[in-house]
Amino acid sequence: MNTDILIIGGGPAGLFCALRAAAGGLSATVLEKNPRPGKKLLVTGSGQCNLTNTAPIEMFLKAYGDKGRFVKPALMEFPNTSLMEFFSTRGVSLEERHKGKVFPRSGRAGDILELLMNQCRQAGVDIRCNRTVTTLSREGTGFRATAGGENHSARFVLVSCGGASWPGTGSTGDGYALVAALGHRIVVPHPSLTPVYPSAFDASSCSGIALSDTPVTLWRGGKKIGGRIGDLLFTHQGLSGPGILDFSRDFQPGDEIRLQLVRTTDREQIEKDIISVCNNSPRKSLKNLLSGFNLPETLILVVLKRCGIDPETTGAAFDKSSRRILAEALYGLRYIIRETGGFDEAMATAGGVDTAEVKSKTMESRVVPGLYFAGEVLDVDGDTGGFNLQFAFSSGALAAEGMRHRNLEEL
Ligand SMILES: Cc1cc2nc3c(=O)[nH]c(=O)nc-3n(C[C@H](O)[C@H](O)[C@H](O)COP(=O)(O)OP(=O)(O)OC[C@H]3O[C@@H](n4cnc5c(N)ncnc54)[C@H](O)[C@@H]3O)c2cc1C
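Throughout what follows, the structure given in this document is the object of discussion. Worth saying up front: this structure is predicted, and the values here are computed from it rather than measured.

Calculation criteria
- Residues numbered from 1 in each chain as written.
- Predicted model: local features only at pLDDT ≥ 70, side-chain atom pairs only at ≥ 80, totals over all residues.
- Heavy atoms only, no water.
- Helix = DSSP H or I, 4+ residues; strand = E, 2+ residues; numbered from the N terminus.
- Buried < 20%, exposed > 50% of the residue type's maximum accessible area, 1.4 Å probe, protein only.
- Contact = heavy atoms within 4.5 Å.
- Areas by Shrake-Rupley, 256 points an atom, 1.4 Å probe, with all protein chains shown as cover.
- Lys, Arg positive; Asp, Glu negative; His and termini not counted.
- Charge placed at Lys NZ, Arg CZ, Asp CG, Glu CD.
- Near = heavy atom within 4 Å.
- Polar contact = N/O pair within 3.5 Å; in protein donor to acceptor, adjacent residues only side chain to side chain.
- Pairing = 2+ DSSP bridges.
- Salt bridge = Lys/Arg side-chain N within 4 Å of Asp/Glu carboxyl O.
- Phe/Tyr/Trp six-rings, centres within 6.5 Å; stacked < 30°, edge-to-face > 60°.
- Lys NZ or Arg CZ within 6 Å of the ring centre and 35° of its normal.
- Axes fitted to C-alpha atoms, helices over the stretch in contact; angles between N-to-C directions.
- Left-handed = near helix turned anticlockwise from the far one by under 90°.
- Nonpolar A, V, L, I, M, F, W, Y, C, P; charged D, E, K, R; others polar.

### Regarding the overall build of the protein
Argument step 1. A tally of helices and strands in the protein yields 13 helices and 18 strands.
Argument step 2. Across its three principal axes, the protein shows a C-alpha extent of roughly 85 × 45 × 35 Å.
Argument step 3. A burial count over the protein gives 55% of its 411 residues as buried.
Argument step 4. Within the protein, residue pairs in contact and separated by at least 24 positions form 73% of the contacts whose partners lie at least 6 positions apart.
Argument step 5. When the accessible surface of the protein is split by element, carbon and sulfur atoms take 50% of a total near 17500 Å².
Argument step 6. Of note, the protein has its 46 positive side-chain charges centred 2 Å away from the centre of its 43 negative side-chain charges.

Here is the structure:
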């Protein structure tokens, strides 16, 4: 064997597993297709790297959709507190920002990558770049991988090729074919953490407007199938912001989303509030009266246009049926989803290696002993806020621990 562990993919999951395994006495070789590892890490958080979140474990478990149970052992093995300690005690000072998001204080994702690379070097990890692994097969009790003309053998393999989003970073979904050839089931990958493009989008004028903590509900075939509250951002062609991005894994073309623009318990209350502002200032125009609802004027104009209401209508002249229509729109501004952003826009991939075939306590395959997984190649995708990187590091740490144990058992 060339090495104890062959790691396919030099993203955060692969690099972190390598250095933890090397620190635990195993030799590790990372094969990375790009000229340098960590290309995607450098673009995270708009280049500032939202490393993790200060949320308590219960909130973490909810941030991965229905995968909370699967990710728990990894998060317990190496939680957010350990990740923050790892970086801050080695010279990368961190800071907490809005909604518990943790970033390097320098605002440079490069600092995170640099520290990982230095740690790998110190631990003796062999990092080989410009190596695209094209086949992975069993060889005796171990494995053989080919990258270009080279063959690499190892007792253990970690597949950490990432997902299929932002393919320009090297994450082109290669891991799926490599492990499908060994008998693994792949849940069809699709874009997650991606914006939404409604048909007949009428709010381009609102581009750049952000609304905080807005309730969004999802409707399919006339039935409500989910709801979330989050920050929302209008763009030229559609909707984005955490409240949409985090929900996007559930969206399908043809679904309806409803944005509750006014925080209240029901539509009737909005109607009562409209009556009250109209009665208080009967000579003012609706456009001005509605500013009391804390919505930007551009958005108010879009809503009024949608309802077929002249913005110059005075409070006194505002009739009951129009009032109903307006209250309905403010309670749930409706958009039919034409499409969601593709892999070139998505910040994560939903789907991937089926977690039912992976042991959550070690990250080892249930199908092929000695084969391990970490990071986004798995069918795990978290919300925005640092949850995806935390899972990459935690699963990398857990896989390293799993291999270390396996190694001791086999000695
Ligand atoms: C624009 C953007 C912003 C993001 N911001 C954040 C954020 O702020 N916080 C957060 O938590 N998450 C963020 N994410 C998500 C996060 O980057 C990923 O979840 C994380 O990088 C996954 O780590 P990974 O190691 O599993 O995979 P990756 O980082 O994708 O790394 C996989 C590596 O494998 C290599 N590879 C692929 N195929 C092969 C092959 N055949 N042979 C050899 N090497 C191969 C690739 O070149 C790549 O370097 C963001 C994603 C994007 C696209």
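Right, picking up where we left off after that structure.
### Remarks on the site of the ligand
Argument step 1. Close to the ligand lie 34 residues; Glu32, Ser171, Asp174, Glu376 and Leu389 are nearest.
Argument step 2. The backbone of Gly45 places a nitrogen or oxygen atom 2.9 Å from an oxygen atom of the ligand.
Argument step 3. Glu376 has a polar side-chain atom sitting 2.5 Å from an oxygen atom of the ligand.
Argument step 4. In the complex, 96% of the free accessible area of the ligand, which totals 1000 Å², lies under the protein chains.
Argument step 5. Looking at the shell around the ligand, the elements with two or more residues in it are α1 (12-23), α2 (39-43) and α13 (387-410).
Argument step 6. With 4 residues, α13 is the single largest residue contributor to the shell around the ligand.

### A few points about the side chain of Asn80
Argument step 1. Note that Asn80 resides in helix α5 (residues 80-88).
Argument step 2. With residues near it in sequence (within four places) discarded, Asn80 still touches Thr52, Asn53, Thr54, Ala55, Phe60 and Gln390.

### Thoughts on the sheet that holds strand β3 (residues 52-53)
Argument step 1. The strand order across the open sheet formed by 3 strands is β3-β5-β4, and the pairing between neighbours is antiparallel. Strands with a single pairing partner mark the edges of an open sheet, and in this sheet they are β3 and β4 (94-96).
Argument step 2. Taken together, the 3 bridges between β4 and strand β5 (residues 101-104) define a ladder with antiparallel strand orientation. Note on β5: the bridge partner recorded for Leu94 is Pro104.

### What to know about the pattern of salt bridges
Argument step 1. This model, assessed by the stated rule, comprises 30 salt bridges.
Argument step 2. With its nearest N and O atoms 3.7 Å apart, the salt bridge here joins Arg334 to Glu328.
Argument step 3. Judged by relative accessible area, Arg334 falls into the partly exposed class, the value being 34%.
Argument step 4. Note on Glu328: relative accessible area 35%, which makes it partly exposed.
Argument step 5. The partner of Glu339 in a salt bridge is Arg338, with the nearest N and O atoms 2.9 Å apart.
Argument step 6. Under the relative-accessibility criterion, Arg338 is labelled partly exposed at 43%.
Argument step 7. Through salt bridges that share partners, Glu256, Arg258, Arg267, Glu268, Glu271, Arg324, Glu328 and Arg334 make up one connected network.

### Quick word on the packing of aromatic side chains
Argument step 1. Tallied over the entire structure, the rule returns 11 aromatic pairs.
Argument step 2. Centroid distance Phe16 to Phe86: 5.1 Å. Interplanar angle 90°. Geometry classified as edge-to-face. Residue Phe16 is found in helix α1, and its partner Phe86 is found in helix α5; the two are separated by 70 residues along the sequence. Across the pair, Phe86 and Phe16 agree in class, each one buried.
Argument step 3. Ring geometry for Phe247 and Phe251: centres 5.1 Å apart, planes at 50°, overall tilted.
Argument step 4. A relative accessible area of 2% places Phe247 in the buried class.
Argument step 5. Judged by its relative accessible area of 6%, Phe251 is buried.
Argument step 6. Joined through ring pairs, the aromatic side chains of Phe16, Phe78, Phe86, Phe87 and Phe393 make up one cluster.
Argument step 7. Sitting over the face of the ring of Phe103, Arg97 holds its NZ or CZ atom 4.0 Å from the ring centroid.
Argument step 8. In this arrangement the basic side chain of Arg258 is found over the ring face of Trp219, its NZ or CZ atom lying 3.6 Å from the centre.

### A short note on the packing of α1 against α13
Argument step 1. Between α1 and α13, the least distance of the axes is 8 Å, while the angle of their chain directions is 35°. Two packed elements cross with a definite hand, and for α1 against α13 that hand is right-handed. For the pair α1 and α13, contact is made by Pro12, Ala13, Phe16, Cys17, Arg20 and Ala21 and by Leu389, Ala392, Phe393, Gly396, Ala397, Ala399, Ala400 and Met403, respectively.
Argument step 2. Grouping the amino acids of the contact of α1 with α13 by side-chain chemistry returns 12 nonpolar, 1 polar and 1 charged.

### Observations concerning the environment of Ile225
Argument step 1. In this structure, Ile225 sits in strand β13 (residues 223-234).
Argument step 2. Under the relative-accessibility criterion, Ile225 is labelled partly exposed at 44%.
Argument step 3. Separated by 141 residues in sequence, Ile225 and Arg366 place their C-alpha atoms 33 Å apart.
Argument step 4. Each residue touching Ile225, except ones within four places of it in the same chain, is listed here: Leu218, Trp219 and Arg220.

Don't take any of this as a statement about function, it's just geometry.
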